[in-house]
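# Overview (structure and organization)
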Amino acid sequence: MITLAVVQFTPEHNTLDANLASIESAIRTIDAHIIVLPELATTGYFYREPAELDGLAMTSADERLQHLLRVASEHQRVVVFGFAERDGSKLFNSAMVGGYGTAQAVYRKTHLFYREKDVFQPGDSGFFVTPIPHLDCNLGTMICYDWRFPESARTLALRGADVIAAPSNLVTELWPKVMPSRAAENKVYLAVANRVGTETNAGGSVEFNGMSTIYNYNGEILSRVTNDVDHYVVITAEIDPPATRKKSFNAYNDIFADRRPELYE
Ligand code: ACM
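This write-up is about the structure you can find in this document. (Residues numbered from 1 in each chain as written. Predicted model: local features only at pLDDT ≥ 70, side-chain atom pairs only at ≥ 80, totals over all residues. Heavy atoms only, no water.)

With that settled, consider helix α4 (residues 150–158). For α4, the set of buried residues is Ser152, Ala153, Leu156 and Ala157. Buried residues along α4 cover an arc of 125° about the axis, so they all sit on one side. The secondary structure elements touched by the buried residues of α4 are β6 (129–132), β7 (137–141), β8 (163–167) and α5 (175–184). In the stretch just after α4, Gly160 is the one whose phi turns positive, near 105°. (Buried < 20%, exposed > 50% of the residue type's maximum accessible area, 1.4 Å probe, protein only. Helix = DSSP H or I, 4+ residues; strand = E, 2+ residues; numbered from the N terminus. Arc of directions from axis to C-beta. Contact = heavy atoms within 4.5 Å.)

Shown next, in the form of structure tokens:
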């Protein structure tokens, strides 16, 4: 069994240092093997045009991000957190994956939500799985609105994910009803790190609805944030990643082997 942690916190909009300090403090203090933090945890969420991220978006090689990964390694933790990524003239809504015993990887959000389309490029990393050999765990990553597309979690599961980390800034009433299906239909653990608070920019605003949750592979809630007032809450769960790999549930049925992709669009 390993310990999976989700941090629900409220990144500060339009600043970097305070958010990097919050992420570093979480990595230093939370006693867990894997720690998942929200989408765009380094910058806050609601931007209306690319120029607003000047000075805030970072390349994945940025020393400040590499420092966080080194701290994670020193504390024997794997970490997943959202950041605004700059690659040349392009911006991506990305998640950093790395830390102890784990090759660095960057997932770029595939399905952009709302005004993100005015700021970021659609992700081009595709869905991939990061092996964590010392934990016998294969970790997949998707970001927030990717949940709305069953193909996201399904692709990660078909590629061998035992656990899906979902850095998020969720806003709808629908996700708590549907998210458990993403876990159950793929028989994977799912860690949703959401945030609370409201961000206002140029007269528009976005309100985030908390309820960060760790689901088991039957879609049941292992742990959920019930206090959405505090702006920094940690939940943890003990999980058994190899237990997700047997996809059969009787002598006849296997949720992957029974698929009929030739009949699907
Ligand atoms: C979202 O994708 N941040 C809702």
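In this section: the packing of aromatic side chains. One pair of aromatic rings is described through two measures. These are the centre distance and the angle between the planes. As enumerated under the stated definition, the model contains nine aromatic pairs in all. Seen in terms of ring centroids, Tyr45 and Phe208 are 5.5 Å apart; in terms of plane orientation they differ by 85°. Their pairing is edge-to-face. With Tyr45 in the loop between β2 (34–36) and α2 (63–74) and Phe208 in strand β11 (residues 204–209), this residue pair connects regions lying 163 residues apart in the sequence. Here Phe208 falls in the buried class, since its relative accessible area comes to 4%. Taking 5.5 Å as the distance between ring centres and 25° as the angle between the ring planes, the aromatic pair formed by Tyr107 and Phe127 counts as stacked. With Tyr107 in strand β5 (residues 102–108) and Phe127 in the loop between α3 (116–119) and β6, this residue pair connects regions lying 20 residues apart in the sequence. Summarising the burial analysis for this pair, Tyr107 and Phe127 share the class buried. One aromatic cluster is present, formed by Phe46, Phe113, Tyr114, Tyr145 and Phe149 through successive ring pairs. Across from the ring centre of Tyr114, 5.8 Å away, lies the NZ or CZ of Arg115, which sits over that ring. Directly above the ring of Tyr217 sits Lys187, whose terminal nitrogen or CZ lies 5.2 Å from the centroid. (Phe/Tyr/Trp six-rings, centres within 6.5 Å; stacked < 30°, edge-to-face > 60°. Lys NZ or Arg CZ within 6 Å of the ring centre and 35° of its normal.)

Among the nonpolar cores identified, the biggest contains 46 residues, and Ile34, Val36, Met142, Met179 and Leu190 are the most heavily contacted of them. The element contributing the most residues to this core is strand β9 (residues 189–193), with five residues. Discounting chain neighbours no more than four positions away, the residues touching Val36 are Leu4, Ala5, Val6, Val7, Val80, Ala165, Ala166, Pro167, Ala191 and Ala193. Residues Val7, Leu16, Ile23 and Leu112 belong to the second largest nonpolar core, which totals 38 residues. (Core = buried A, V, L, I, M, F, W, Y, C linked by side-chain atoms within 4.5 Å.)

Where strands meet in a sheet, backbone hydrogen bonds hold them as pairs that are either parallel or antiparallel. Strands sit in the order β5-β4-β3-β2-β1-β14 across an open sheet of six strands; the sheet is mixed. On the outer flanks of this sheet lie β5 and β14 (232–239), each paired with one strand and no other. The mean inter-strand angle of the sheet, taken between neighbouring strand axes irrespective of direction, is 25°. Taken together, the eight bridges between strand β1 (residues 2–9) and β14 define a ladder with antiparallel strand orientation. Within β14, the position partnered with Gln8 by the bridge is Val233. Where helix α1 (residues 17–29) meets the sheet, its contacts fall on β1, β2, β3 (78–87) and β14, and the angle it forms with β1 comes to roughly 155°. Across the face of the sheet, α2 comes into contact with β3, β4 (90–99) and β5 while running at roughly 20° to β4. (Pairing = 2+ DSSP bridges. Axes fitted to C-alpha atoms, helices over the stretch in contact; angles between N-to-C directions.)

Geometric descriptors of this kind do not, in isolation, establish any biological role.
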